[in-house]
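# Overview (structure and organization)
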Amino acid sequence: MKHAFRNTLVVGVVALAATLGFGVAVAAPKIDAPAPDFSVVDTAGETWTLGGLVGKKVILEWTNHDCPFVVKHYASGNMQALQKEATEAGYVWLSVISSASGKQGHVSPAEADDLTDSRGAAPTAVLLDTSGAMGRAYDAKTTPHMYVIDSEGNLVYMGGIDDKPTSNQADIAGASNYVRLAMADLAAGNPVTTPVTRPYGCSVKY
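Position numbers for residues start from 1 in each chain and track the written sequence from start to end. Only residues with pLDDT of 70 or above have their local features reported here, since the model is predicted, and side-chain atom pairs are shown and tallied only from 80 upward, although totals for entire chains, interfaces and linings are computed over all residues. Only hydrogens and water are set aside when side-chain values are computed; all heavy atoms of the structure are taken into account.

### Regarding the overall build of the chain
Scanning the chain from terminus to terminus reveals six helices and nine strands. Between buried and exposed lies partly exposed: a residue is buried under 20% and exposed over 50% of the maximum accessible area for its type, with that area taken using a 1.4 Å probe on protein chains only. Burial analysis of the chain (206 residues in total) assigns 44% to the buried set. Long-range pairs, those at least 24 residues apart, make up 73% of the contacts in the chain between residues at least 6 apart in sequence. Secondary structure follows DSSP: runs of H or I at least 4 residues long count as helices, runs of E at least 2 residues long count as strands, and numbering of each begins at the N terminus. By the convention used here, residues are in contact when the closest approach between their heavy atoms is within 4.5 Å.

### A closer look at the sheet that holds strand S8 (residues 155-159)
The mixed open sheet is built from five strands, whose spatial order is S5-S4-S3-S7-S8. In the strand order of this sheet, the two ends are held by strand S5 (125-128) and S8, each with one partner. The mean angle between the axes of side-by-side strands here comes to 20 degrees, regardless of whether they run parallel or antiparallel. A pair of strands counts as paired when DSSP detects no fewer than two bridges linking them. Here strand S4 (residues 92-97) pairs with S5 via four bridges, running parallel. Among the inter-strand pairings, Ser 95 is bridged to a residue of S5, identified as Val 126. Axis lines are fitted to C-alpha atoms, over the contacting stretch for helices. Their N-to-C directions set the angle, which ranges from 0 to 180 degrees.

### Remarks on the state of the cysteines
In this description, a disulfide is simply a cysteine sulfur pair whose atoms lie within 2.5 Å. Under the defined criterion, the tally for this structure stands at one disulfide. Paired by a disulfide, Cys 67 and Cys 202 hold their sulfur atoms 2.1 Å apart. Handedness here is read from the sign of the S-S torsion; for Cys 67 and Cys 202, about 90 degrees, the answer is right-handed. Of the two residues, Cys 67 is situated in the loop between strand S3 (58-62) and helix H2 (68-75) and Cys 202 in strand S9 (residues 202-203); the sequence distance between them amounts to 135 residues. A single burial state applies to Cys 67 and to Cys 202, both of which are buried.

### Observations regarding a negative patch on the surface
Patch definition: residues with relative accessible area over 30% and no salt bridge; like charges joined within 9 Å; nonpolar side chains (Val, Leu, Ile, Met, Phe, Trp, Tyr) joined within 5 Å. For the area figures, the Shrake-Rupley method with a 1.4 Å probe applies, and any residue is considered shielded solely by the protein chains shown. Each salt bridge in this description consists of a side-chain nitrogen of Lys or Arg and a carboxyl oxygen of Asp or Glu lying within 4 Å of one another. In this charge count, Lys and Arg are treated as positive and Asp and Glu as negative; neither His nor the chain ends contribute. To locate a charge, take atom NZ for lysine, CZ for arginine, CG for aspartate or CD for glutamate. Negative charge collects at one region of the surface, where Glu 111, Asp 113, Asp 114 and Asp 117 lie side by side. On the basis of relative accessible area, Asp 113 is assigned to the partly exposed category, the value being 31%.

### Brief notes about the side chain of Asp 162
Its place among the elements puts Asp 162 in the loop between S8 and helix H6 (178-187). Buried within the structure, Asp 162 lacks any salt-bridge partner; Lys 72 is the closest side chain of opposite charge, at an N-O distance of 4.4 Å. Between N or O atoms, a polar contact is any pair within 3.5 Å; within protein, one atom must be a potential hydrogen donor and the other a potential acceptor, and residues adjacent in sequence are included only when both atoms are from side chains. A distance of 3.0 Å separates a polar side-chain atom of Asp 162 from the backbone nitrogen of Lys 164. A distance of 2.7 Å separates a polar atom in the side chain of Asp 162 from a polar atom in the side chain of Tyr 200. Leave out the neighbours within four places in its chain, and Asp 162 touches Lys 72, His 73, Ala 175, Ser 176, Asn 177, Tyr 178 and Tyr 200.

Structure (structure tokens):
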């Protein structure tokens with residue numbers, strides 16, 4: 001009797017944990033479905049939600065300044081150029097840092113702003129997802145990991161920044177940039193030709 005009660009109790013705890021999302025995987029985001037909403041503060045303390053960006057196209061970039069694959073795209077100026085191209089085209093570009101406190105890539109708001117200034121980066125804002133809730137909602141696995149959301153709030157691209165999964169800056173010139181291609185498809189009023197690719201880089205340090 002005691003054994004049966006213990007099993008019932010364990011099942012109940014697991015079900016409760018699943019309900020609350022404690023250590024349990026959440027459903028992965030899907031292409032052409034509403035992108036997961038979020039509520040995360042930026043380096044200035046402003047709270048950003050996807051619901052607050054209705055009618056705007058959004059690009060999410062998971063980042064970790066210590067990751068060699070991120071360094072590749074910033075030291076070369078590749079990421080900054082893409083950020084400027086996107087924001088000039090009307091996109092909201094949100095760089096997201098999901099590194100937990102004490103983990104590689106974790107920074108204070110002031111350190112994040114210093115990185116933006118020193119690298120000449122041009123995101124609309126840098127979000128500090130220290131709980132990892134936003135990263136897990138998007139199933140963000142690597143830095144960089146890129147997502148494009150259309151003006152209706154639907155996810156239309158997720159994956160790598162390009163098709164050269166290396167940390168070598170020399171590979172950028174011959175790479176197909178999937179984010180740029182997705183923006184071109186949207187600008188032409190077409191579905192994104194390649195909506196999902198395999199992300200590459202360092203693991204997100206939740």
